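Reading the structure
Below are the chains, spelled out letter by letter.
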Amino acid sequence: MATCIGMVARVGGVTFNALKPVTCEYARRSSNQISLNRFAHGIRSSLYDHVREGYSDKPDLDMRLVCEETDKVVANVENRKGGLRGVDVREIVSVWQQLQDVRNSISELEQQKKTVSEDARLLVEKNEKKSLANLPEFNQARQKGREIRGRLNLLYPKESELEAEHYSRALRLPNTTHPDVPIGDESQACVVELIGQKPEFNFKPKGHLELGEHLGLIRQRHLAHVSGHRSYYLRGTGARLQTALQNFALDTLQRRGFVPMVVPDMLKGAVFEGCGMQPNAHRSQVYSLDPLQFPDLNLAGTGEVGLAGFFMDHAVNWADLPVRSVCSSTCYRAETDTGRETWGLYRVHHFNKVEMFGVTADETGEESSKLLQEFLSLQKEMFSSLELHYRVLDMPTQELGLPAHRKYDIEAWMPGRNSYGEISSGSNCTDYQSRRLNILYERQDGSLQYAHTVNATACAVPRTIIAILETHQTKEGTVRVPRALQPYLGLEVIEKPTSVPLRYIGPNQPSRPPRPVPKTR
């Protein structure tokens, strides 16, 4: 690491809660001032709050890269879809440089204070206590000590203010981008591979919701007053299909050495932010619990957050690398863009997902890239076993989010939609998450190094159900079960159940049945 990063770790003797913010302005140069208006971007850093409360060490951001290769960082920010622009990067550099100036001044003054204290101690040892008040050297040392303390009392609050602003801004920087990643929006995604045969039908294929309702698998109607929009029920074979898919994915991965985990659905905002998500941002996709009753608790939109939180502030032993973990969890997403996919299972507020998460070393710089390719191979193996037609996409810069260095999406052909739909993704986050969450590994010599993290979807249940129902439907309205899934589901064909569907008897219908007549007693 560069010297400026090392200084972050060394300057740590300040108890921030004991410092009161100052309202006076600090001028590094006459044209560059600090004021409380600096926080105009209005995004609070949960991760930095977490640090101030003593729960974790400070995020060790690579400011050497930002300061020394600013133009490259600006270009990266401009190429990615996010709230930052080039001017924000230069402001981050400016704040960081001012913070280093203050820290250098503090370091020099602390050294002077130490020297003055030593001089005063020697004078006390050499002279009688009564005569000290008449010694010019002793009085000069005392006066100089008071001046140094006065200057430090001004600088420490300024350091605290600048550090808070630095993290509130710099934590919003995206990861670096792999040089082979296409530049642009989703239309620039590069098709890496087409796998499987696109199904052909001698009839007009139905959509998954029509199939699911006919077969008694899915209910999404008349739920606005029960669970709101974008919610659903799976029933009977539909519920069994979800369990079958989860077990199929978990078994496949456990045979490959993945450690199964059960993770929390509710996590602190610091973990989200450390993963590259912003629960406090405007139009966030993250559900937050009532802050008055449950301060700083949020519902996870992916098992990645819970898995990353498991490794937060911990070091992995060298012998265990790479660590491969898998979990099946319920995911919650606000889906604030309400104009898209309002019906069906494609875009819903809650769903179950099996997630892969890996922690690798960073010795050659290639370990995480290799693990991403391994995860991608496992995804392809599972989706091919489900007899789906799909394509692998190398996603462009505007689709990477903050944490990904490189990202692959897998889109399955969905005949009812007559289009491809995303069913999976996988990302190499290099050291982006580990520097924020303090995820390290211990080398054989005992030294610590920041790890790399990789994540990938093994099975997003609702979208996989869409692909299976629409791909394997028959002219008779049944659905053929893929051979690999049959042992888990116990069926070869999904047929319409013999039970009579529920009849809606609520309001807002043209011919509502009469209400029950009161019983006579």
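Okay, so let's go over this structure. Worth saying up front: this structure is predicted, and the values here are computed from it rather than measured.

As for the sheet that holds strand E7 (residues 266-268)
- Read across the sheet, three strands follow the order E7-E9-E8 without closing on themselves; strand pairing throughout is antiparallel. A strand with exactly one partner marks an edge of an open sheet, and here the two such strands are E7 and strand E8 (287-288).
- Two elements, E8 and strand E9 (residues 297-299), share two bridges in a ladder whose sense is antiparallel. Within E9, the residue paired with Ser288 across the bridge is Asn298.

Some points on the packing of aromatic side chains
- This structure, assessed with the given rule, holds nine aromatic pairs.
- On the numbers, 5.2 Å between centres and 65 degrees between planes, the contact of Phe201 with Phe203 is edge-to-face.
- Considering the side-chain rings of Phe248 and Tyr488, the 6.0 Å spacing of their centres and the 75 degrees angle between planes classify their relative orientation as edge-to-face. Taken as a pair, Phe248 in helix H8 (residues 237-254) and Tyr488 in helix H14 (residues 486-489) lie far apart in primary sequence, 240 residues in all.
- The class of Tyr488 is partly exposed, set by a relative accessible area of 29%.
- Taken together, the ring pairs connect Phe310, Phe311 and Phe357 into an aromatic cluster.
- In this structure, Lys198 is placed above the aromatic ring of Trp413, and the distance from its NZ or CZ to the ring centre is 4.0 Å.
- For the cation-ring pair, Arg221 lies above Trp343, with the distance from its terminal atom to the ring centre recorded as 5.7 Å.

Some words on the nonpolar core
- By size, the foremost hydrophobic cluster in this structure holds 55 residues, and its most contacted members are Leu245, Leu253 and Leu485.
- Not counting the four nearest positions on each side in its chain, Leu485 is found in contact with Leu241, Ala244, Leu245, Phe248, Leu386 and Ile468.
- One finds Met63, Val73, Leu152 and Tyr156 within the second-largest nonpolar core, a separate group that totals 37 residues.

Topic: the sheet that holds strand E10 (residues 314-317)
- Strands sit in the order E10-E16-E17 across an open sheet of three strands; the sheet is mixed. Only two strands of the sheet have a single neighbouring strand rather than two, namely E10 and strand E17 (448-450). The sheet shows a mean angle of 40 degrees between the axes of neighbouring strands, taken without regard to direction.
- Both strand E16 (residues 439-442) and E17 contribute to a ladder of three bridges, which runs antiparallel. In the sheet register, Leu440 faces E17, and the bridge partner there is Tyr450.

What about the packing of helix H4 (residues 70-79) against helix H5 (residues 86-126)?
- Between H4 and H5, the least distance of the axes is 8 Å, while the angle of their chain directions is 140 degrees. Between H4 and H5, the interaxial angle falls into the category oblique. Between H4 and H5 the crossing geometry is right-handed. Facing Thr70, Asp71, Val73, Val74, Val77 and Glu78 of H4, the residues of H5 in contact are Gly86, Val89, Arg90 and Val93.

Observations regarding the pairing of E16
- Here four bridges tie E10 to E16, and the two strands are oriented parallel to one another. When the bridges of E16 are listed, His314 appears paired with Ile439.
- Hairpin connection between E16 and E17: a loop of five residues separates the two successive antiparallel strands, and Gly446 in this loop has a positive phi of roughly 95 degrees.

What to know about the side chain of Asn428
- Mapped onto the elements, Asn428 comes out in strand E15 (residues 419-428).
- The class for Asn428 is buried, based on a relative accessible area of 2%.
- Among the polar contacts listed, one links the side chain of Asn428 to the backbone nitrogen of Thr430, at a separation of 3.0 Å.
- Leave out the neighbours within four places in its chain, and Asn428 touches Ser368, Ser369, Leu372, Pro403, Ala404, His405, Arg406, Thr453 and Val454.

Considering the packing of H5 against helix H6 (residues 136-170)
- With their axes 8 Å apart at the nearest point, H5 and H6 run at an angle of 155 degrees to one another. Looking at the two axes, H5 sits roughly antiparallel to H6. Where H5 crosses over H6, the handedness of that crossing is left-handed.
- Residues of the contact of H5 with H6, tallied by class, amount to 19 nonpolar, five polar and 12 charged.

Description of the pairing of E15
- Within E15, eight of the 10 residues are buried, which leaves the element mostly enclosed by the surrounding structure.
- Two strands pair when backbone bridges link them, and strand E14 (residues 406-414) and E15 are joined in this way by nine bridges, in the antiparallel orientation. By the bridge assignment, Glu411 is partnered in E15 with Glu422.
- The antiparallel hairpin formed by E14 and E15 contains four residues in its connecting segment, where Asn418 sits at a positive phi of about 55 degrees.
- The sheet contact formed by E15 and strand E18 (residues 452-460) spans three bridges and is antiparallel. Paired with Gly426 across the two strands is Ala456, which belongs to E18.

Quick word on the side chain of His405
- When you line up the elements, His405 lands in the loop between strand E13 (390-394) and E14.
- Here His405 is in contact with Asn175, Thr176, Thr177, His178, Val181, Leu400, Asn428, Cys429 and Thr430, once residues within four sequence places are set aside.

Section: helix H10 (residues 303-311)
- Across the nine residues of H10, seven count as buried, placing the element largely inside the fold.
- Following H10 by one or two positions, Asp313 has its phi on the positive side, about 65 degrees.

Let's talk about the environment of Lys58
- Along the chain, Lys58 falls in the loop between helix H2 (46-52) and helix H3 (63-68).
- With 112 residues separating them in the primary sequence, Lys58 and Ala170 have C-alpha atoms 12 Å apart.
- At a separation of 2.8 Å, a polar atom in the side chain of Lys58 contacts the side chain of Glu163.

Examining the pattern of salt bridges
- Applying the stated criterion to the full structure yields 21 salt bridges.
- Among the salt bridges present, the one from Glu69 reaches Lys72, with a minimum N-O distance of 2.9 Å.
- Taking relative accessible area as the criterion, Glu69 reaches 26% and is therefore assigned partly exposed.
- Judged by its relative accessible area of 56%, Lys72 is exposed.
- Close ionic contact of Lys81 with Glu399 constitutes a salt bridge, the shortest N to O distance being 3.6 Å. One end of the pair, Lys81, is in the loop between H4 and H5; the other, Glu399, is in the loop between E13 and E14, with 318 residues separating them in the sequence.
- Salt bridges sharing partners connect three or more residues here, namely Lys58, Arg103, Glu159 and Glu163.

Thresholds, definitions, all that
- Residues numbered from 1 in each chain as written.
- Predicted model: local features only at pLDDT ≥ 70, side-chain atom pairs only at ≥ 80, totals over all residues.
- Heavy atoms only, no water.
- Pairing = 2+ DSSP bridges.
- Helix = DSSP H or I, 4+ residues; strand = E, 2+ residues; numbered from the N terminus.
- Phe/Tyr/Trp six-rings, centres within 6.5 Å; stacked < 30°, edge-to-face > 60°.
- Buried < 20%, exposed > 50% of the residue type's maximum accessible area, 1.4 Å probe, protein only.
- Lys NZ or Arg CZ within 6 Å of the ring centre and 35° of its normal.
- Core = buried A, V, L, I, M, F, W, Y, C linked by side-chain atoms within 4.5 Å.
- Contact = heavy atoms within 4.5 Å.
- Axes fitted to C-alpha atoms, helices over the stretch in contact; angles between N-to-C directions.
- Parallel < 35°, antiparallel > 145°, perpendicular 65-115°, else oblique.
- Left-handed = near helix turned anticlockwise from the far one by under 90°.
- Polar contact = N/O pair within 3.5 Å; in protein donor to acceptor, adjacent residues only side chain to side chain.
- Nonpolar A, V, L, I, M, F, W, Y, C, P; charged D, E, K, R; others polar.
- Salt bridge = Lys/Arg side-chain N within 4 Å of Asp/Glu carboxyl O.

So far we have only geometry, and geometry alone does not tell us how the molecule works.
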